[in-house]
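Here are the chains, one letter per residue:
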Amino acid sequence: MATEVQEERNGRGAEEATAPSAAAPPCTPLAMVALALIVSGGAYMASNIPHRVPLGPAWALLGCAAATMAANVLLLARSKGFAFRRFFTVFRWGLLAYAVSAGMIEYVFVYDGVRGATLAVLSGMLLLFALTVPFSIAFTVARYAEPNG
Amino acid sequence: MPAPSVTRNLRQSPSSQLARHLGYLDTGGSTHGWLIASYSVVGVMAVIALGVLEPANIAVLFEMRKERPNPAVIERLMRRFIYTAGITGLMQVATLIIMTRLATI
């Protein structure tokens, strides 16, 4: 009785009060892997300063992160019944926020005199950072949205 | 020199500036390993915060904006906070250990 009253208050039956088990691609773990690779690249570069940083491992980490995100995008693009409209709405706003954040960090890099290949690696990492986090946010929101929502 | 920029990217600019001033960032120094450990701690916490918790937070807000929010979805998303609490706690303990070691070396 108490449960029925509670369900009535919630405006839904017990069969409705379950999380949708949509077979979404593993975008969140992949995005986390990409983010971890980017952060590892940043930590690697920071660990070598103030000496000259060998850029090989940094490029490798950046490449792995980019490949992971590319696979992520492909997996998501191939999934059917996903709320893409909601995904892009959230992604756009997230991208705006993280573009501002990444732009400020990029400005600091340039202001501090980072040039050449080092700046290229760091800019690539920043670009991926600014794409990965909004992607992860938008995916998590759209996963529980109606397909046409 | 890219030192301030790179470490600012790791969200620890004030401490890195101090570390650079005190010579802790010297790769030949005895504290360098502990500094690397601190970068790792910051990295793990950043990945959890940006990759797991922030998306869950925003998704919960979207769910609650619906005319009929689904409590099961909110519960499922909030479960992430429970799963990551242990890791965050471990990282805080690691932070204390690193700070203590750096102060006593």
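Just so it is clear, the model here is predicted, and its values are computed rather than measured.

(A) Quick peek at the side chain of B:Thr84. Residue and element names in this part refer to chain B. Following the sequence through the fold, Thr 84 ends up in helix H4 (residues 71–104). Since its relative accessible area comes to 8%, Thr 84 is described here as buried. Not counting residues within four places of it along the chain, the set of residues in contact with Thr 84 comprises Ile 48, Val 52 and Leu 53.

(B) Structural context of helix H3 (residues 56–78) of chain A. Residue and element names in this part refer to chain A. With 23 residues, H3 should reach 33 Å at 1.5 Å per residue; the first-to-last C-alpha distance of 33 Å fits that figure. All of the buried residues along H3 are Ala 58, Leu 62, Ala 65, Thr 68, Met 69, Asn 72 and Leu 76. The secondary structure elements touched by the buried residues of H3 are helix H2 (27–48), helix H4 (84–111) and helix H5 (116–143).

(C) Structural view of the packing of aromatic side chains. Per the counting criterion, the structure on display carries 9 aromatic pairs over all chains. With a centroid separation of 5.3 Å and 85 degrees between ring planes, the pair formed by A:Phe87 and A:Phe88 is classed as edge-to-face. Taking relative accessible area as the criterion, A:Phe87 reaches 4% and is therefore assigned buried. An aromatic cluster of three or more residues is present, and its members are A:Phe82, A:Phe84, A:Phe87, A:Phe88, A:Phe91, A:Phe135 and A:Phe139. One Lys or Arg, B:Arg65, reaches over the ring of B:Phe62 and ends 6.0 Å from the middle of that ring.

(D) The arrangement of a nonpolar patch on the surface in detail. All names here are of chain A. Judged by side-chain polarity, Trp 93, Leu 96, Val 100 and Met 104 come together as a nonpolar surface patch covering roughly 480 Å² of accessible area. The topology assignment puts Met 104 in helix H4. Judged by relative accessible area, Met 104 falls into the exposed class, the value being 56%.

(E) Structural context of the nonpolar core. Residues A:Met45, A:Phe87 and A:Phe129 are the most contacted members of the largest nonpolar core, which totals 50 residues. At the level of secondary structure, the elements contributing two or more residues to this core comprise H2, H3, H4 and H5 of chain A together with helix H3 (32–65) and H4 of chain B. Counting residues per element, this core draws most heavily on H5(A), which supplies 15 residues.

What counts, and where the lines are drawn
- Residues numbered from 1 in each chain as written.
- Chains lettered and ligands numbered in written order.
- Predicted model: local features only at pLDDT ≥ 70, side-chain atom pairs only at ≥ 80, totals over all residues.
- Heavy atoms only, no water.
- Helix = DSSP H or I, 4+ residues; strand = E, 2+ residues; numbered from the N terminus.
- Buried < 20%, exposed > 50% of the residue type's maximum accessible area, 1.4 Å probe, protein only.
- Contact = heavy atoms within 4.5 Å.
- Expected span 1.5 Å × (residues − 1).
- Phe/Tyr/Trp six-rings, centres within 6.5 Å; stacked < 30°, edge-to-face > 60°.
- Lys NZ or Arg CZ within 6 Å of the ring centre and 35° of its normal.
- Patch = residues over 30% accessible without salt bridge, like charges linked within 9 Å, V, L, I, M, F, W, Y side chains within 5 Å.
- Areas by Shrake-Rupley, 256 points an atom, 1.4 Å probe, with all protein chains shown as cover.
- Salt bridge = Lys/Arg side-chain N within 4 Å of Asp/Glu carboxyl O.
- Core = buried A, V, L, I, M, F, W, Y, C linked by side-chain atoms within 4.5 Å.

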